[in-house]
Amino acid sequence: MIYWDLLSYAAWIISALLLLWIVVDAVSVSRQFDEELLVSSREGADEMLDQIKREGEDK
Amino acid sequence: MSQSTSSGGEQKRISMLKVLNPFHVWALGVGIVLVGEFMGWNFSVAKGGAYGALIACWVIGLLYSCVAMIDSEVTSTVAAAGGQYTQAKHIIGPLMAFNVGLYLVMAYTMLEAADALIVGDLMAAVASATGYADLNPQPFVVLTIAFLAWLNYRGVFMTLTVNFVITLFAFLAIIALFIGSDPLNPGNILKHSDLLTELPYGWIGVVAALQFGMWYYLGIEGTCQAAEEVRSAGRSIPLGTIGGILTLLVAATLTWYVSTGLMPWQYLGQATTPLYDAASIIGNPSLQIVLFIGTMFAAIASANGCINDAARAWFSMGRDRYMPTWFGAIHPHYRTPFRAIIFLIPIAVSFAFTGLLDQVITFSILSGLLGYTFMSFNMVRFRKMWPLDVIKRGYIHPFHPIPAFTLLGLCSVVYFATFLGYGASLLSIMAFYIVASVWFVKRRYQFVKRADQFTMPWPRPKGY
């Protein structure tokens, strides 16, 4: 049935567009921003940890 | 949250956005799992019969209740992306952390591939029902992975809000099926008195059924990957996780009750979509449509949550240099681990294109099981090194160490059950992780900045 063939082609095309958008954006971000900034996150940045730290300092 | 500045006021840092709440955590955990209620759990019926499947449902439910409690306590303290990987790094050591990180990435990526395969197969089933018998499912498999990767790339809030909506729909579909089966009038639609039989293969069949009982709950531990993006992790993670396991216990029991009251165990044990079949037997077209959409949504929600979790585990390993630091990047606008998301797309598509649904799922289950085994040791060590009065916890699980020992005992039984059915897979996955461990120790660990990986402001552990 032609409807399902069209749907299959549409699925391939939309997938390709989405993946292309992701890759183009990732390349663009990597060029625009300094690598040190992109990999600068630190784990566990949470208000609970701040509280624990404060309690430790108080002791 | 915008870019934050370090205490020196010079170096700018990017962090993930803290935008999630307990409902998102619930949606992440239950979303990954609920597809197992729509298909897969019923293979336990083929091994142990209807009663054997019920025993598996509740025994494995106990295993996952232990997982949920342990995870809630440790994650409420180790509030970082990476979940169990980060816990292992802080509590046990680098080699364990590397292995746990790999378990997580493999388990979620394989499960994502399996979910995408299910979406493709459902589309092929619809095409077949409308007279087009030879629909190639591959474009729909790729579209599922591409769309969900795009969604994950664009931000965690929308990703998990979508997951909440479709997971809630899928859960309500199970409730609708239960109500539609007229449970207040036993014998009217549900024929338990005719269909429930003795254990067909005795108690060894029940043991064999345990492996498939994991389908009811596999992935609920994924809630802790949201720890770095949730507001008030100490409160939200336990709420979302414990709420999630309670939801799953209800959904699993209802699923078993309705299905075994409508289908003989010989059919149910090999059905592809047992809940949809149950709706078809009831004969209500609206219920059939709801269950079909519920099955589709459950598979999509599962794949969505798996992309979220696998990417965060891989990202965390990159951030600690267990993998190249390139993967530890955060997108400056969307605040997502964008390179980890991209890297895992071709891997998921490759697994999905093998078409080996049962092998892919078995690899995923075994990776999960290895992770649960680690959790039991992790919990005992955590309480020993940092007793309750030393570190503040958002949640303290009761009856320690009983849940940890129960978890270890149940994991051992499931290993035996898996060995009975998939001995070769079990041995090959063990070999894979041993080879990966040798590579990590010999080649990769030299790049890890050892002091940098321990970031928690905890006091020195007891005994050190």
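Residues numbered from 1 in each chain as written. Chains lettered and ligands numbered in written order. Predicted model: local features only at pLDDT ≥ 70, side-chain atom pairs only at ≥ 80, totals over all residues. Heavy atoms only, no water.

**Q** Mind laying out the overall build of chain A, listing which residues take part and the relevant values?
**A** For chain A, the count of helices and strands is three helices and zero strands. Listing each helix as α and each strand as β along chain A from the N terminus yields α-α-α. Accessible surface for chain A amounts to roughly 3900 Å². Of this, 62% is attributable to carbon and sulfur atoms. (Helix = DSSP H or I, 4+ residues; strand = E, 2+ residues; numbered from the N terminus. Areas by Shrake-Rupley, 256 points an atom, 1.4 Å probe, with all protein chains shown as cover.)

**Q** Describe helix H4 (residues 84–91) of chain B, listing the residues and the values that go with them.
**A** All names here are of chain B. The buried count for H4 comes to eight of eight residues, which makes it a mostly enclosed element. Here H4 has its buried residues at Gln84, Tyr85, Thr86, Gln87, Ala88, Lys89, His90 and Ile91. Taken together, the buried residues of H4 touch helix H3 (43–75), helix H5 (94–129), helix H13 (285–319) and helix H15 (357–385). Just beyond H4, the residue with positive phi is glycine 93, at close to 160°. (Buried < 20%, exposed > 50% of the residue type's maximum accessible area, 1.4 Å probe, protein only. Contact = heavy atoms within 4.5 Å.)

**Q** Hey, could you go over the packing of aromatic side chains for me, with residue numbers and the actual values?
**A** Each pair of aromatic rings is reported with the distance of its centres and the angle of its planes. Tallied over the full model, the rule gives 35 aromatic pairs over all chains. Between Trp26(B) and Phe164(B), the ring centres sit 5.7 Å apart and the planes meet at 65°, which makes this aromatic pair edge-to-face. One end of the pair, Trp26(B), is in helix H1 (residues 22–33); the other, Phe164(B), is in helix H7 (residues 156–180), with 138 residues separating them in the sequence. Residue classification places Phe164(B) among the partly exposed positions, given a relative accessible area of 24%. Taken together through their ring pairs, the aromatic side chains of Trp21(A), Phe147(B), Trp150(B), Tyr153(B), Tyr334(B) and Phe338(B) make up a single cluster. (Phe/Tyr/Trp six-rings, centres within 6.5 Å; stacked < 30°, edge-to-face > 60°.)

**Q** Before we move on, could you go through the interface of chain A and chain B and cite the residues and values that matter?
**A** Between chain A and chain B, the contact holds 36 residues from the first and 62 residues from the second. Run the count over chain A and chain B and you get one salt bridge. Residues Arg339(B) and Glu35(A) are paired through a salt bridge, measuring 2.7 Å at the closest nitrogen-oxygen approach. Across the contact surface, chain A and chain B share 13 residue pairs in polar contact (both at pLDDT 80 or more). Sorting elements by how many residues they give to the side of chain A that touches chain B places helix H1 (residues 2–32) of chain A first, with 16 residues. A class-by-class count of the residues in the side of chain A that touches chain B yields 20 nonpolar, seven polar and nine charged. (Salt bridge = Lys/Arg side-chain N within 4 Å of Asp/Glu carboxyl O. Polar contact = N/O pair within 3.5 Å; in protein donor to acceptor, adjacent residues only side chain to side chain. Nonpolar A, V, L, I, M, F, W, Y, C, P; charged D, E, K, R; others polar.)

**Q** Any chance you could break down the environment of Cys411(B) for me, citing the residues and the numbers?
**A** Residue and element names in this part refer to chain B. Relative to the elements of secondary structure, cysteine 411 occurs in helix H16 (residues 402–444). When its relative accessible area of 0% is taken as the criterion, cysteine 411 is described as buried. In this structure, the C-alpha to C-alpha distance between cysteine 411 and glycine 371, residues 40 residues apart in sequence, is 9.9 Å.

**Q** Quick one: what's the story with unusual backbone geometry, residue by residue and with numbers?
**A** All names here are of chain B. The omega torsion of the bond from histidine 400 to proline 401 falls at 5°, within 30 degrees of zero and hence cis. As for its placement among the helices and strands, proline 401 is situated in the loop between H15 and H16. Non-glycine residue arginine 335 carries a positive phi angle of around 60°. As for its position among the elements, arginine 335 is in the loop between H13 and helix H14 (338–354).

**Q** Quick one: what's the story with a nonpolar patch on the surface, residue by residue and with numbers?
**A** Nonpolar side chains collect at one region of the surface, where Tyr9(A), Trp12(A), Ile13(A), Leu17(A) and Phe353(B) lie side by side and expose about 550 Å² of accessible area between them. With four residues, H1(A) is the largest single contributor of residues to the nonpolar patch. Of the residues examined, Ile13(A) reaches a relative accessible area of 52% and is grouped as exposed. (Patch = residues over 30% accessible without salt bridge, like charges linked within 9 Å, V, L, I, M, F, W, Y side chains within 5 Å.)

**Q** Give me the nonpolar core: which residues, what numbers.
**A** All names here are of chain B. One finds Leu63, Tyr64 and Tyr372 to be the most contacted residues of the largest nonpolar core, which totals 170 residues. The element contributing the most residues to this core is H5, with 20 residues. Setting aside residues no more than four positions away along its own chain, leucine 63 makes contact with Tyr372, Leu407, Leu410, Cys411 and Val414. (Core = buried A, V, L, I, M, F, W, Y, C linked by side-chain atoms within 4.5 Å.)

**Q** So, the pattern of salt bridges: which residues are in play, and what are the values?
**A** Between side chains of opposite charge, a pair can form as their charged atoms come close. Residues and elements named next belong to chain B. Under the counting rule described, the total for this entry stands at six salt bridges over all chains. In this structure, glutamate 228 engages arginine 319 in a salt bridge whose closest nitrogen and oxygen atoms are separated by 2.9 Å. Residue glutamate 228 is located in the loop between helix H9 (202–213) and helix H10 (233–262), and its partner arginine 319 is located in helix H13; the two are separated by 91 residues in the primary sequence. When salt bridges with common partners are traced through the structure, they connect Glu73, Arg383 and Arg393 into a single cluster.

**Q** Can you tell me about the state of the cysteines, naming the residues and giving the values?
**A** All names here are of chain B. In the structure shown here, the tally under the stated rule is zero disulfides over all chains. Of the cysteine sulfurs around cysteine 57, a residue in no disulfide, the closest is that of cysteine 66, at 15 Å. For cysteine 57, a relative accessible area of 0% corresponds to the buried category. Free of any disulfide, cysteine 224 has its nearest neighbouring cysteine sulfur in cysteine 306, separated by 13 Å. (Disulfide = S-S within 2.5 Å.)

**Q** Which residues make up the packing of H3(B) against H15(B), and what values go with them?
**A** Residues and elements named next belong to chain B. Axis separation between H3 and H15 bottoms out at 10 Å; the angle between their running directions is 45°. As judged from the angle between their axes, H3 and H15 are oblique. The interaxial crossing formed by H3 with H15 has left-handed handedness. Contact with H3, carried on its side by Leu63, Tyr64, Val67, Ile70, Asp71, Glu73 and Val74, involves Tyr372, Met375, Asn378, Met379, Phe382 and Arg383 of H15 and no other residues of that element. Considering only residue class, the contact of H3 with H15 consists of nine nonpolar, one polar and three charged. (Axes fitted to C-alpha atoms, helices over the stretch in contact; angles between N-to-C directions. Parallel < 35°, antiparallel > 145°, perpendicular 65-115°, else oblique. Left-handed = near helix turned anticlockwise from the far one by under 90°.)

**Q** Hey, could you go over the environment of Arg339(B) for me, with residue numbers and the actual values?
**A** Tracing the chain through its elements places Arg339(B) in helix H14. Assessed through its relative accessible area of 2%, Arg339(B) is described here as buried. C-alpha of Arg339(B) to C-alpha of Phe315(B): the two residues are 24 residues apart in sequence and 7.9 Å apart in space. With near-sequence residues (within four places) excluded, Arg339(B) lies in contact with Ser30(A), Glu35(A), Leu38(A), Trp326(B), Phe327(B) and Ala329(B).

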